[in-house]
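# Notes for the structure review
Here's the letter readout for the chains.
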Amino acid sequence: MTATLSTELSNTIVDPFAYQDGDRIDAAFTEIRRTAPFARAKPDEYDHIWVASRHADVMEIEKRAGLFANSPRSSTVSPAATQDIVRFLTGGESNLIRSLVAVDGAEHKALRGILFPAVTPMAIKRIEENVRRIARTYVERMLAMAPECDFAEDVAFWYPLRVIMSVLGVPEEDEPYLLKLTQELFGAADPEMNRDKKEASPAEALQMLVQTNADLEAYFAKATERFRANPDDAALNSLIANATIDGEYLTHRQLMGYYIIAATAGHDTTSNTVAGGMWVLAERPDLFARLKAEPESIAAFTEETVRWVTPVKHFMRTATADTEFAGQQVKEGDYIMLPYQSANRDEAVFDDPFAFSLDRKPNRHVAFGYGPHVCLGQHLARLEMRILWEELLPRLSSIELAGTPERTRSNFVCGPKHVPVRFGLA
Ligand code: HEM
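The notes below deal with the structure included here.

Each value, and the rule that gives it
- Residues numbered from 1 in each chain as written.
- Predicted model: local features only at pLDDT ≥ 70, side-chain atom pairs only at ≥ 80, totals over all residues.
- Heavy atoms only, no water.
- Helix = DSSP H or I, 4+ residues; strand = E, 2+ residues; numbered from the N terminus.
- Rg over C-alpha atoms; globule rule 2.2 N^0.38 Å.
- Buried < 20%, exposed > 50% of the residue type's maximum accessible area, 1.4 Å probe, protein only.
- Contact = heavy atoms within 4.5 Å.
- Areas by Shrake-Rupley, 256 points an atom, 1.4 Å probe, with all protein chains shown as cover.
- Near = heavy atom within 4 Å.
- Polar contact = N/O pair within 3.5 Å; in protein donor to acceptor, adjacent residues only side chain to side chain.
- Nonpolar A, V, L, I, M, F, W, Y, C, P; charged D, E, K, R; others polar.
- Pairing = 2+ DSSP bridges.
- Expected span 1.5 Å × (residues − 1).
- Axes fitted to C-alpha atoms, helices over the stretch in contact; angles between N-to-C directions.
- Parallel < 35°, antiparallel > 145°, perpendicular 65-115°, else oblique.
- Left-handed = near helix turned anticlockwise from the far one by under 90°.

## Some points on the overall build of the chain
- Along the backbone of the chain there are 19 helices and 14 strands.
- Over its C-alpha atoms the chain spans a radius of gyration of 21 Å, differing by no more than 12% from the 22 Å that the globule rule assigns to 426 residues.
- Burial analysis of the chain (426 residues in total) assigns 57% to the buried set.
- Across the chain, contacts joining residues at least 24 apart in sequence account for 72% of those joining residues at least 6 apart.
- Taken as a whole, the chain presents about 17400 Å² of accessible surface, with 53% of it coming from carbon and sulfur.

As C-alpha cells, this is what we get:
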C-alpha cells in the first residue's frame, strides 16, 4: 500500500512559516520519520511529491543520480501553477535559473569541472590568509559596536559575502547590491527580504523573482565582457567566463546559472550558519567557555553548526524510471523531496539529535548534500566559518541574547536573519 502523509503534514513540509518557526518543521518531520518515513504527500496547490525523510534514504537517492535526476523538473519545490509559468518563461525548462543543480550527466560533469580544481581543500588553503584578513575586519567592526549588535545583520550577512565576492572577483563596491539581490532571491516569501517588501502570493513571489533574475543577469553580463577582455585565473568568475565545453563558450543560460549560483549560494548559506552558531553560543555559556578553553574544538563546533542550522532545507529529484524504493512503488517522472533538516535530525544516525553537541565524531550530517551534486563550496564554507570563530572568540569575554532571534521565512534557504546579542570584550 502506498504510504501517504496527511494533508496537514503535506502542507507543513512546504510551508515557509513552518521553517521560520523551526520547532514546527522539526515536529512535522519527526512524526514523518516515525510514522511514514518514505511517503507520498499532496500539499494544496502542489503536485504529488515523495518525501524521503530519513538520512539513509536521502543519501541513497543522491548517490543513484542516474535513477533520481535533478532535471527535468524544478530543483526546488514550488506550486504547480508557478512551475507552469516558469516553463512558459524559459521556453520549456523547469528552473528559472539553469545552474549546476538544474542539470545532470555529461553537462553537469563538464560544468562542475570548471570550478572544481579551484575549490578543493588544497586550493582553498591558499586563500586562508586573505580570508583571515577579511574575518579580522568584521570582528573589529563588531567589537566597535560593543556592547550590542544584531550579529546576523551586522556581521553574518557581510563577512561570507566579502569572502565569496573576493574569490569570484566582484568589486567590493558592488557587494551591497548583490546582497540585496540574493536576499530577494532566497527570501521571496519573506516580506522583510523580498523585492517589494510585501506579503506575496506564490505568483507575486515568482514575478519578483523574474525581476531579480533579470537584474542579476544584467549585472553578470558585464563580468563576462570584463573577464574575456582581461582574464584573471585567481577569480572564479573569470574561469567561468573563459571556460569552454567542446570548444565553445558556455551558453548564456549556463553562464548566468553558474555566476548566480556561485554568488548567491556562496554566501547566504554560510551567513545563516554563522548566525545560527552565534545564537547557540549566546544561549549556551558552557559551550562558549569550552570553545574558549579548547580552540581545537572550533572545527567540530563549525561542523555542528552546519548540521544544526541546515540552511539548505531541501532539493528535489525526479525518478527517471519505475522503481521500488523503501518498499514503495515509485513511477518514472515522480518528484522526490530531500529534506536535509529531517535527515540531519534522524534518530537512527544522531544521538540526541535535537541537542547541539561538540562531541559528534564523526558528524555525519548531509547539510552539504551528497553524491555527484554535493556542495561545490563546502571546503570554502568550512574554512571561512572556522576562521571567523578563531578570530572572534578570543576577543569576547561573554555573549548573551539581547532580544529574540528570528529566522527568514523560506522553505528553501532559511536561517536566522536577526540575532541580537550583548557581549563583553576580552
Ligand atoms: C554552510 C554553507 C553551505 C551549505 C550548507 C551548502 C549546501 C549545499 C547543498 C545542500 C547543495 C546541494 C547538494 C546536493 O544536491 O547533493 C549545494 C550545492 C552547491 N553549493 Fe553549497 N552550501 C554551502 C556553501 C556554499 C558555498 C560557500 C559555495 C560557493 C561556491 C557553494 C556553492 C554550491 C554550488 C555551486 C552547488 C551546486 C553543486 C552541484 O550541483 O554540482 N555552496 N550546497
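## Considerations on the site of the ligand
- As a structural note, the neighbourhood of the ligand is formed by 28 residues, with Glu62, His108, Arg112, His373 and Cys375 the closest of them.
- At 2.7 Å from an oxygen atom of the ligand is found a side-chain nitrogen or oxygen belonging to His108.
- Separating an oxygen atom of the ligand from a side-chain N or O atom of Arg317 is a distance of 2.9 Å.
- For the shell around the ligand, the secondary structure elements donating two or more residues are α6 (105-115), α14 (252-265), α15 (268-283), β7 (314-319) and α19 (378-392).
- It is α15 that contributes the most residues to the shell around the ligand, three residues altogether.
- A class-by-class count of the residues in the shell around the ligand yields 17 nonpolar, eight polar and three charged.

## Examining the pairing of β7
- A large share of β7 lies buried, amounting to six of its six residues.
- Pairing geometry for strand β3 (residues 68-69) and β7, over two bridges, is antiparallel. Residue pairing across strands places Phe68 opposite Ala319, the latter belonging to β7.
- One ladder, built from five bridges, connects β7 with strand β10 (residues 335-339); its direction is antiparallel. Bridging across to β10, Thr318 finds its partner in Tyr335.

## Some words on helix α17 (residues 298-309)
- Relative to the 16 Å expected for twelve residues at 1.5 Å per residue, α17 spans 16 Å between its end C-alpha atoms, a close match to the ideal helical length.
- Taken across its twelve residues, α17 has nine buried, putting it largely inside the fold.
- Among the residues making up α17, those that are buried are Ile298, Phe301, Thr302, Glu303, Glu304, Thr305, Val306, Arg307 and Val309.
- In the core, the buried residues of α17 are packed alongside α15, α16 (285-293), α18 (340-343), α19 and β13 (416-418).
- Count one or two residues on from α17 and you reach Thr310, which has phi positive near 40 degrees.

## As for the side chain of His418
- Mapped onto the fold, His418 is located in strand β13.
- His418 sits in the buried class, given a relative accessible area of 14%.
- Within the structure, the side chain of His418 is placed 2.7 Å from the side chain of Asp150, a separation counted as a polar contact.
- One polar contact links His418 to Glu192, side chain to side chain, over a distance of 2.7 Å.
- Setting aside anything within four residues of it in sequence, one finds His418 in contact with Asp150, Ala152, Glu153, Glu192, Pro405 and Glu406.

## Describing the sheet that holds β7
- The strand order β1-β2-β10-β7-β3 describes an open sheet built from five strands, whose pairing is mixed. Each edge of the sheet is formed by a strand with only one pairing partner; in this case those strands are β1 (38-41) and β3.
- Pairing of β1 with strand β2 (residues 49-52), which is carried by four bridges, proceeds in the antiparallel orientation. The partner of Arg40 across the bridge, within β2, is Trp50.

## Concerning the packing of α17 against α19
- At their nearest, the axes of α17 and α19 sit 9 Å apart, and the two run at 120 degrees to each other. When the axes of α17 and α19 are compared, the pair comes out oblique. In this structure, the crossing between α17 and α19 has a hand that is right-handed. Between α17 and α19, the residues in contact are Ile298, Ala299, Phe301, Thr302, Glu303 and Val306 and Arg382, Met385, Arg386, Trp389 and Glu390, respectively.
- Of the residues assigned to the contact of α17 with α19, the class counts are six nonpolar, one polar and four charged.

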